[in-house]
Amino acid sequence: MNYWLMKSEPDEFGIEDLKQRPDQIEPWDGVRNYQARNMMRDQMKVGDLAFFYHSNTKPPGIVGIVEIVREGYPDPTQFDPDDKHYDPKSDPEKPRWYLVDVKFKATLPRKVTLHELKRQPKLEGMKLLARGNRLSVMPVEPDHWAHIIALAEQDPAG
């Protein structure tokens, strides 16, 4: 099994939105970065787990866990001129953008903030914490995953 981190702005689509979806499943659409696309298209497998990260909010942080329930397939929003993720250069014969379907697994006992993550020596090398990293989808090492799960279960004050 692989572990991932997937960012979403809670004003656009948050963990609570996913919980409200039928069967708590949703396509993770709108990714328009080639590196993130390649991970979703080529590396994410059914059964992989991902942290759900709320970005562009105060404070940003990890709020939950999702499971990959459908492997990469063409993102239909790229072909819809009425969708904000429309890409006129995409060709249905050779799709440019892919997505996966995710299923809600859990809300963490508490949000683990980006500030807190940056203060963890055990998370050295984590892609999320790399200077200049703006990817919305990224791998998470198993030891980093385990450490973050443990952090979420701790009282941040003590």
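Below or above, wherever it landed, is the structure these notes cover. Source: prediction; values computed, not measured.

Secondary structure assignment for the protein chain yields four helices and six strands. Its C-alpha atoms give the protein chain a radius of gyration of 16 Å, near enough to 15 Å, the size a compact globule of 158 residues would have. Taking the principal axes of the C-alpha coordinates as reference, the protein chain spans close to 55 × 30 × 30 Å. Scored against the burial criterion, the 158 residues of the protein chain give a buried share of 44%. Pairs at least 24 residues apart make up 73% of the contacts formed inside the protein chain by residues separated by at least 6 positions. As presented, the protein chain carries roughly 8900 Å² of accessible surface, and 46% of it is formed by carbon and sulfur atoms.

The six strands lie next to each other as β2-β5-β4-β3-β1-β6, forming an open sheet whose pairing is mixed. On the outer flanks of this sheet lie β2 (25–27) and β6 (137–140), each paired with one strand and no other. The sheet shows a mean angle of 35 degrees between the axes of neighbouring strands, direction not considered. With four bridges connecting them, strand β1 (residues 3–8) and β6 associate as antiparallel partners.

Because the α-helix completes a turn every 3.6 residues, residues three or four places apart line up on one side. The complete set of buried residues in helix α4 (residues 142–152) reads H144, W145, H147, I148, L151 and A152. One side of α4 holds all its buried residues, which, seen down the axis, span an arc of 165 degrees. Summarising the contacts, the buried residues of α4 are in contact with β1, β3 (49–54), β4 (61–74), β5 (98–113), α3 (114–118) and β6.

Attention shifts here to the layout of surface pockets. Size it by volume and the largest pocket reaches roughly 980 Å³. K7, S8, E9, S55 and S136 are, among the 32 residues lining the largest pocket, the residues nearest its centre. Listing elements by their share of the lining of the largest pocket, those giving two or more residues are β1, β2 and α3. Within the lining of the largest pocket, the residues separate by chemical class into eleven nonpolar, ten polar and eleven charged.

Further remarks concern the environment of F51. Structurally, the position occupied by F51 is in strand β3. When the C-alpha positions of F51 and K105 are compared, they lie 9.9 Å apart, and in sequence the two are 54 residues distant. For F51, the contacting residues outside a window of four places in its chain are W4, L5, M6, I62, G64, I65, V140, W145, I148 and I149.

Right, let's get into the packing of aromatic side chains. Two aromatic rings, taken as a pair, are described by how far apart their centres are and by the angle between their planes. Tallied over the full model, the rule gives five aromatic pairs. With a centroid separation of 6.4 Å and 35 degrees between ring planes, the pair formed by F13 and F52 is classed as tilted. Separated by 39 residues along the polypeptide, F13 in the loop between β1 and α1 (15–20) and F52 in strand β3 bring together distant segments of the chain. We note that F13, like F52, is buried. The ring of Y98 is capped by R41, whose NZ or CZ atom sits 5.8 Å from the centre of that ring. Its guanidinium or amino end placed over the ring of Y73, R70 lies 3.4 Å from that ring's centre, counting from NZ or CZ.

Rules of the game
The numbering scheme is per chain: residues are counted from 1 as the chain's sequence reads. In keeping with the predicted nature of the model, local features appear solely for residues at pLDDT of at least 70, side-chain atom pairs appear and are counted solely at 80 or more, and the whole-chain, interface and lining totals rest on all residues. Note that water and hydrogens are dropped before the side-chain values are worked out from all heavy atoms of the structure. Put simply, DSSP H or I for four residues or longer makes a helix, DSSP E for two residues or longer makes a strand, and each gets a number counted from the N terminus. Radius of gyration here uses only the C-alpha atoms, and the compact-globule reference equals 2.2 Å multiplied by the residue count raised to the power 0.38. Partly exposed describes any residue whose relative accessible area lies between the buried limit of under 20% and the exposed limit of over 50%, with all areas from a 1.4 Å probe on protein chains only and scaled to the type maximum. Two residues form a contact once any of their heavy atoms are found within 4.5 Å. To measure how exposed things are, a 1.4 Å probe is used in the Shrake-Rupley method; for residues, cover is taken only from the protein chains shown. One requirement defines pairing of two strands: DSSP has to find at least two bridges between them. Fitted lines through C-alpha atoms give the axes, limited to the stretch in contact for helices. The angle between two N-to-C directions lies from 0 to 180 degrees. The arc in question is traced by the directions running from the helix axis to the C-beta atoms. Two kinds of site are reported from a 1 Å grid over the protein atoms alone, namely cavities, where a 1.4 Å probe fits but cannot get out, and pockets, open sets with protein on both sides within 12 Å along at least five of seven lines, and residues are called lining when an atom falls within 4 Å of a point. Grid points are joined across faces, edges and corners, and a volume is the space filled by probe spheres set on the points. Residues were grouped as follows: Ala, Val, Leu, Ile, Met, Phe, Trp, Tyr, Cys and Pro as nonpolar; Asp, Glu, Lys and Arg as charged; and all remaining residues, including Gly, as polar. Two aromatic rings, drawn from Phe, Tyr or Trp (for Trp, its six-membered ring), form a pair once their centres lie within 6.5 Å of each other, and the interplanar angle then sorts them: stacked below 30 degrees, edge-to-face above 60, tilted otherwise. As a reminder, the over-ring test applies to NZ of lysine and CZ of arginine, requiring each to be within 6 Å of the ring centre and within 35 degrees of the ring normal.

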